[in-house]
Amino acid sequence: FIAEFLFKKDAKPGIEESAYTAIVLLKTASVLGREFSLDSLKYLSPLHRDLRHDERVTEAMNLLESRDLIEIIDQKGSENFTCRFNKIFLHSTCY
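Procedures and definitions
Residues numbered from 1 in each chain as written. Predicted model: local features only at pLDDT ≥ 70, side-chain atom pairs only at ≥ 80, totals over all residues. Heavy atoms only, no water. Helix = DSSP H or I, 4+ residues; strand = E, 2+ residues; numbered from the N terminus. Buried < 20%, exposed > 50% of the residue type's maximum accessible area, 1.4 Å probe, protein only. Contact = heavy atoms within 4.5 Å. Core = buried A, V, L, I, M, F, W, Y, C linked by side-chain atoms within 4.5 Å. Salt bridge = Lys/Arg side-chain N within 4 Å of Asp/Glu carboxyl O.

Participant: Help me understand the environment of Arg34 in this model?
Facilitator: Among the secondary structure elements, Arg34 is positioned in the loop between helix H2 (15–32) and strand E1 (35–37). Given a relative accessible area of 37%, Arg34 falls into the partly exposed group. For the pair Arg34 and Asn86, spaced 52 residues apart in sequence, the C-alpha to C-alpha distance is 8.5 Å. The contacts of Arg34, once residues within four sequence positions are left out, are Cys83, Arg84, Phe85, Asn86, Ile88 and His91.

Participant: How do you make sense of the nonpolar core when you look at a structure like this?
Facilitator: Nonpolar side chains in soluble globular proteins generally cluster together in the buried interior. In terms of nonpolar packing, the biggest core is built from 21 residues, with Leu26, Phe36, Met61, Leu64, Ile70, Cys83 and Phe85 touching the most fellow members. Among the secondary structure elements, those contributing two or more residues to this core are H2, helix H3 (38–44), helix H4 (54–66), strand E2 (70–74), strand E3 (82–85) and helix H5 (88–94). Dropping the residues within four chain positions of it, Leu26 is found in contact with Leu64, Leu69, Ile70, Phe85 and Cys94.

Participant: Would you mind showing me how to read the pattern of salt bridges here?
Facilitator: A side chain with one charge can pair with a side chain of the opposite charge if their charged atoms come near. On inspection of all chains with the given rule, the structure shows three salt bridges. Here Asp68 and Lys87 are joined by a salt bridge, their closest N and O atoms 3.0 Å apart. Note that Asp68 is positioned in the loop between H4 and E2 and Lys87 in the loop between E3 and H5, a separation of 19 residues in sequence. By relative accessible area, Asp68 is classed as partly exposed at 42%. The salt bridge involving Glu71 is made with Arg84; its shortest N-O contact spans 3.2 Å. Of this pair, Glu71 sits in strand E2 while Arg84 sits in strand E3, placing them 13 residues apart in sequence. Connected via shared salt-bridge partners are Glu35, Glu71 and Arg84.

Shown next, in the form of structure tokens:
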């Protein structure tokens, strides 16, 4: 799905970085299980130093949700932000 964003003529600036971040977070989330919290994800991510701002992570999670890869279950602040993989095979494949 990165190629789809990279070669889309109407893609907004910075989408490549968001797509890269989203993929790294998706692979990290697979280690945590089918459901995962944003705090755990940021802590374990190899990008944890770059993810100090919740906006970048939230943008990546929204991107993944828009592609029907994850579902955002609860989004009431970073301490309650919880997601789950929409498809079990996707979780297994990423793991």
